[in-house]
Amino acid sequence: MKRILALVIVALFSLNAFSQKTTSFTPDSVKFIKELDNYFQDNSANKDDASAIIENLGKFWKTPAYSNYYKNYVYATSNKMLEKKLKPYPYFQNYLIAVANFINSKQSTGIFDEWQAVLDKIMTKNKSPRPYNDFLEMSDNVFENGMFFKTASCQWHTNGNNYKFDYDSIPKLVFTNVTLYGSNLRDDSISIESTSGTYYPTSGRFYGKGGTVSWKRTGLSSDVYAEIKRVSHTG
């Protein structure tokens, strides 16, 4: 009888341990990675891909570049995503990629503060996770190579980091005195120099003013250009 009772107790404890789910992430550099790994394994269809993501993150996580400044944001945002019941893919993965791309871009932490503030507002003000993920996907590209708009048929990107993130009723990316580069599947390209404007990622619309259109990238002389007053693009 005692043996049976002991086996039942062991079975109950084993079942309880097996059924435990991640309810929060610990703001500790070592524990967080282990807990994130568990969360990815428990909620990912492809375990190998999940392991690869955490392995790559773990390597970068240990470098001096991934300072406590960034880690503290990651702890807080990960817990907010967990509260929203957002899955590892695409939400956690895209967020972690965006943070890594930002760190590698070596921009000022002031821009990161702006970005995180906008991200928090999107998460708070939208019941659907889609606007949140759309913003993350755009951020991944902006931080990596300046590309803020991309479809199957065309793309737009900018040079440098002369932009800021803002939010009034919707998120926006504000550019000041930049060069915009556009291209399509036919390899047609255009550049708009010294222009300023605002891109709204939730609608795919860009509104700008001023600038000079040149075709230098096509081989034409820099003397061939056109001055423009307004710029608009709808995705």
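Attention here is on the structure that accompanies the text. If you're wondering where the values come from, they're calculated on a predicted model, not measured in any experiment. (Residues numbered from 1 in each chain as written. Predicted model: local features only at pLDDT ≥ 70, side-chain atom pairs only at ≥ 80, totals over all residues. Heavy atoms only, no water.)

Some words on the packing of helix α5 (residues 88-105) against helix α6 (residues 109-125)
The geometry of α5 relative to α6 is characterised by a closest axis approach of 11 Å and an angle of 165° between their N-to-C directions. For the element pair α5 / α6, the angle class is roughly antiparallel. Judged by the sense of rotation from one axis to the other, the crossing of α5 with α6 is right-handed. Contacts between α5 and α6 pair Y95, A98, V99 and F102 from the former with I111, F112, W115, Q116 and L119 from the latter. Residue composition of the contact of α5 with α6, by class: 8 nonpolar, 1 polar and no charged. (Axes fitted to C-alpha atoms, helices over the stretch in contact; angles between N-to-C directions. Helix = DSSP H or I, 4+ residues; strand = E, 2+ residues; numbered from the N terminus. Parallel < 35°, antiparallel > 145°, perpendicular 65-115°, else oblique. Left-handed = near helix turned anticlockwise from the far one by under 90°. Contact = heavy atoms within 4.5 Å. Nonpolar A, V, L, I, M, F, W, Y, C, P; charged D, E, K, R; others polar.)

With respect to helix α7 (residues 130-145)
In this model, α7 (16 residues) spans 23 Å end to end at C-alpha, consistent with the 22 Å of a helix rising 1.5 Å per residue. Restricting attention to buried positions, one finds in α7 the residues P131, Y132, N133, F135, L136, M138, S139, D140, V142 and F143. Just downstream of α7 lies G146, where phi reads positive at about 80°. (Expected span 1.5 Å × (residues − 1). Buried < 20%, exposed > 50% of the residue type's maximum accessible area, 1.4 Å probe, protein only.)

Some thoughts on the nonpolar core
Membership of the largest hydrophobic core comes to 55 residues, with the highest contact counts inside it found for Y95, W115, Y132, F148 and F165. The biggest single contributor to this core is α5, with 9 residues. Once you skip the residues sitting within four places of it in the chain, F148 turns out to touch M138, V142, W156, H157, T158, L173, F175, L180, Y199 and F206. (Core = buried A, V, L, I, M, F, W, Y, C linked by side-chain atoms within 4.5 Å.)

Details of the pattern of salt bridges
In the structure shown here, the tally under the stated rule is 5 salt bridges. Put simply, K80 and D120 hold a salt bridge, and the shortest N to O gap is 3.3 Å. Here K80 is found in helix α4 (residues 68-83), whereas its partner D120 is found in helix α6, with 40 residues between them in sequence. By relative accessible area, K80 is classed as partly exposed at 33%. Taking the relative accessible area as the measure of exposure, D120 reaches 21% and is therefore partly exposed. The salt bridge partner of R130 is D134, with a shortest N-O separation of 3.8 Å. Here R130 pairs with D134, and both are found in helix α7, just 4 residues apart, close to one helical turn. Relative accessible area serves as the criterion here: at 28%, D134 is assigned to the partly exposed category. (Salt bridge = Lys/Arg side-chain N within 4 Å of Asp/Glu carboxyl O.)

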